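Here are the chains, one letter per residue:
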Amino acid sequence: MSVSISRFTLPETLEEVPEDIREAMLAVQEKAGFVPNVFLMLAHRPQEFRAFFAYHDALMERASDTLTKAEKEMIVVATSARNRCLYCVVAHGALVRIYSKDPLLADNIAINHRVAGLSERHRLMLDFALHSAIELGEFSTEWQMRLETVGFTLDDCWDIGAIAAFFGMSNRLVTLAGTPPNAEFYTIGRVPKQPEESARQTT
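Keep in mind that this is a model prediction, so the values were computed, not measured.

(A) Region of interest: the layout of surface pockets. Its volume calculated, the largest pocket comes out at about 1,400 Å³. What lines the largest pocket is a set of 42 residues, and nearest its centre among them are Lys31, Ala32, Leu95, Ile98 and Tyr99. At the level of elements, α1 (19-32), α2 (37-42), α3 (46-60), α4 (69-82), α5 (86-100) and α9 (154-177) are the ones that each hand at least two residues to the lining of the largest pocket. When residues of the lining of the largest pocket are assigned to their parent elements, the largest contribution, nine residues, is made by α5. For the lining of the largest pocket, the class distribution of residues is 25 nonpolar, five polar and twelve charged. The calculated volume of the second largest pocket comes to roughly 250 Å³.

(B) Inspection of the packing of α4 against α5 at higher detail. Where α4 meets α5, the axes come as close as 8 Å, and the angle between the chain directions of the two elements is 155°. The angle between the axes of α4 and α5 places the two elements in the roughly antiparallel class. Of the two elements, α4 crosses α5, and the hand of that crossing is left-handed. Here Lys69, Ala70, Glu73, Met74, Val76, Val77, Ser80 and Ala81 of α4 come into contact with α5, specifically with Cys88, Val89, His92, Gly93, Leu95, Val96, Tyr99 and Ser100. Across the contact of α4 with α5, the residue classes break down as ten nonpolar, four polar and two charged.

(C) Region of interest: the state of the cysteines. Throughout the structure, instances matching the rule amount to zero disulfides. Here Cys85 stays unpaired: no disulfide links it, and the sulfur of Cys88, its closest cysteine neighbor, is 3.6 Å away. On the basis of relative accessibility, which here comes to 1%, the residue Cys85 falls in the buried class.

(D) Representation of the pattern of salt bridges in the model. What the rule picks out here adds up to eight salt bridges. Ionic pairing is found between Arg123 and Asp127, a salt bridge with its closest N-O pair at 2.4 Å. One end of the pair, Arg123, and the other, Asp127, are both in helix α7 (residues 120-133), four residues apart, so they sit about a helical turn from each other. For Arg123, a relative accessible area of 24% gives the class partly exposed. A residue is classified by how much of its surface remains accessible, and Asp127, at 9% relative accessible area, is buried. Linked by salt bridges that have partners in common, Arg114, Glu120, Arg123 and Asp127 make up one network.

(E) Representation of the confidence of the model for the protein. Mean pLDDT over the protein works out to 92, with 93% of the residues at or above the 70 mark. Scored below 50 in pLDDT, residues 199-203 shows one contact in the model against residues more than four places distant or in partner chains.

Parameters and conventions
- Residues numbered from 1 in each chain as written.
- Predicted model: local features only at pLDDT ≥ 70, side-chain atom pairs only at ≥ 80, totals over all residues.
- Heavy atoms only, no water.
- 1 Å grid on protein atoms, 1.4 Å probe; cavity = no way out; pocket = protein on both sides within 12 Å on 5 of 7 lines; lining within 4 Å.
- Points joined across faces, edges and corners; volume = space filled by probe spheres on them.
- Helix = DSSP H or I, 4+ residues; strand = E, 2+ residues; numbered from the N terminus.
- Nonpolar A, V, L, I, M, F, W, Y, C, P; charged D, E, K, R; others polar.
- Axes fitted to C-alpha atoms, helices over the stretch in contact; angles between N-to-C directions.
- Parallel < 35°, antiparallel > 145°, perpendicular 65-115°, else oblique.
- Left-handed = near helix turned anticlockwise from the far one by under 90°.
- Contact = heavy atoms within 4.5 Å.
- Disulfide = S-S within 2.5 Å.
- Buried < 20%, exposed > 50% of the residue type's maximum accessible area, 1.4 Å probe, protein only.
- Salt bridge = Lys/Arg side-chain N within 4 Å of Asp/Glu carboxyl O.
- pLDDT = per-residue confidence, 0-100.

Shown next as structure tokens:
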């Protein structure tokens, strides 16, 4: 593995990685076509790798009351941009583009979500995410009422705050390790697929 992925020691080959972690890496490689660098970086400490992705999956893959996959990834991009985490902005920006089918949305959120032409629901969602991750983070009755007004349930409020908090930690770990985003992330979802390309993929 390339030492440029992390400032910390990494296994030399995938064969040196514990079997369950290696299987997780190979599964994402089969799906995405590459192994995200954060997987390789976290292989520095296998027990922490397992804990990190267990909590990641519990937050990001569970079915929320009304919060969509695109909205969850929007929270990650807004939080990561404020924390100046290049890896997470680029990687999760790609997921915003995939889930929203909007090639411009992630970039607009990363720069300034308040002038990005978002709906009131999304603007307030990201305001609360940044309040949770960057500011004091207190969840007041006023915040709850404002979020409920735009359609979020109490469980959604937990999800927004928890995602913002978790990725605040992720941002700091990636920055600590000096882990760069994979080049593949930059282009995902930016150019709509041509009709003939879509037809080939469905045959």
